[in-house]
Amino acid sequence: MSNEQAVVYARVSTEKSTQQTSLARQKEELTTYAKKMNYAIVEVFQDQQSGFDVDREGLLDMLDYMKTHKISALFVQDETRLGRGNARVAVLHLLQKQAITVFSLNEAGPIALNEMDTMLLEILAIVEEYQRKLHNAKIRRGMRRAVENGYRPEENLKDRGNMEGRERIEVPIEEIVKLRNKGFTFAEIASTLQSVGFQVSKATVHRRYAEYQDGLEG
């Protein structure tokens, strides 16, 4: 019985009717191969477009679907179906970020990246991480300067009541929500609030954000 979910992606380079047979064959062979590998195929995506393009409807739908449904594996005929040139590297980077295992029918297993691909993906990951850190550092600096110029985040404090018989740590929930919407992790939010004088832990930030979300749903 299959215990992991996967999707199939097939691509041909043009919309010529003669390539319809190739597209159908890819989907059929990949679905059969995935089942042999004990994966449950939950969706099949396809494109009739050049691999040098990243703006492919099937590809973009697939990336969104895998992220939303927490898909663990992708089956393709070979890695060039994902893309060619820089587009291929970009797609591989996105899949790597989501911890997706890409199975190639032609290689009869997970795709094997060459040394150059591995180096490029490592560089992309490092650059992206430092871009995120720089972005977050700018936001933290902005908050510190705002406080220095008279901004009082404590005016956004909510739920001061003592519901559990103990003193609740005061936190500016509106700032937590803003930072979360900007993509900050709970640890980064806690660090940012600490930099402007709020002694809060990651756990406290996570709990208050969850309470805020529950309040919206209620």
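Residues numbered from 1 in each chain as written. Predicted model: local features only at pLDDT ≥ 70, side-chain atom pairs only at ≥ 80, totals over all residues. Heavy atoms only, no water.

K.L.:
Any chance you could explain the sheet that holds strand 2 (residues 39-48) here in plain terms?
P.N.:
By definition, the strands of a sheet pair up through backbone hydrogen bonds, in either a parallel or an antiparallel sense. Strand order in this open sheet of 5 strands is 2-1-3-4-5, and the pairing throughout is mixed. For this open sheet the edge positions go to strand 2 and strand 5 (109-110), each flanked by a neighbour on one side alone. In this structure, strand 1 (residues 4-12) lies alongside strand 3 (residues 73-76), joined through 3 bridges in parallel fashion. Looking at the pairing, Val8 lines up with Phe75 of strand 3. (Pairing = 2+ DSSP bridges. Helix = DSSP H or I, 4+ residues; strand = E, 2+ residues; numbered from the N terminus.)

K.L.:
Would you take a moment to explain the environment of Arg56 for this structure?
P.N.:
Mapped onto the secondary structure, Arg56 falls in the loop between strand 2 and helix 2 (57-69). What Arg56 contacts, discounting residues up to four positions off in sequence, is Tyr9, Arg11, Asp47, Gln49, Ser50, Gly51, Arg81, Leu82 and Gly83. Of note is the side chain of Arg56, whose polar atom sits 2.8 Å from the side chain of Tyr9. (Contact = heavy atoms within 4.5 Å. Polar contact = N/O pair within 3.5 Å; in protein donor to acceptor, adjacent residues only side chain to side chain.)

K.L.:
What should I look at first to understand the pattern of salt bridges in this one?
P.N.:
A side chain with one charge can pair with a side chain of the opposite charge if their charged atoms come near. Scanning all chains against the criterion turns up 4 salt bridges. Here Arg81 makes a salt bridge to Asp78, at a shortest N to O gap of 4.0 Å. In this structure, Arg81 and Asp78 share a single accessibility class: buried. For the salt bridge of Glu211 with Arg208, the shortest nitrogen-to-oxygen distance reads 3.9 Å. Of this pair, Glu211 and Arg208 are both found in helix 7 (residues 202-217), 3 residues apart, which corresponds to roughly one turn of the helix. (Salt bridge = Lys/Arg side-chain N within 4 Å of Asp/Glu carboxyl O. Buried < 20%, exposed > 50% of the residue type's maximum accessible area, 1.4 Å probe, protein only.)

K.L.:
Would you mind going over the packing of aromatic side chains with me for this structure?
P.N.:
In this description, a pair of aromatic rings is defined by centroid distance and the angle of the planes. Scanning the model with the defined rule gives 7 aromatic pairs in all. Here the aromatic residues Tyr33, Tyr39, Phe75 and Phe103 are joined through ring pairs into a cluster of three or more. Its guanidinium or amino end placed over the ring of Phe186, Arg180 lies 4.1 Å from that ring's centre, counting from NZ or CZ. Arg180 extends its terminal NZ or CZ atom over the ring of Tyr209, reaching a point 5.8 Å from the ring centre. (Phe/Tyr/Trp six-rings, centres within 6.5 Å; stacked < 30°, edge-to-face > 60°. Lys NZ or Arg CZ within 6 Å of the ring centre and 35° of its normal.)

These results come straight from atomic positions and should not be treated as a statement about function.
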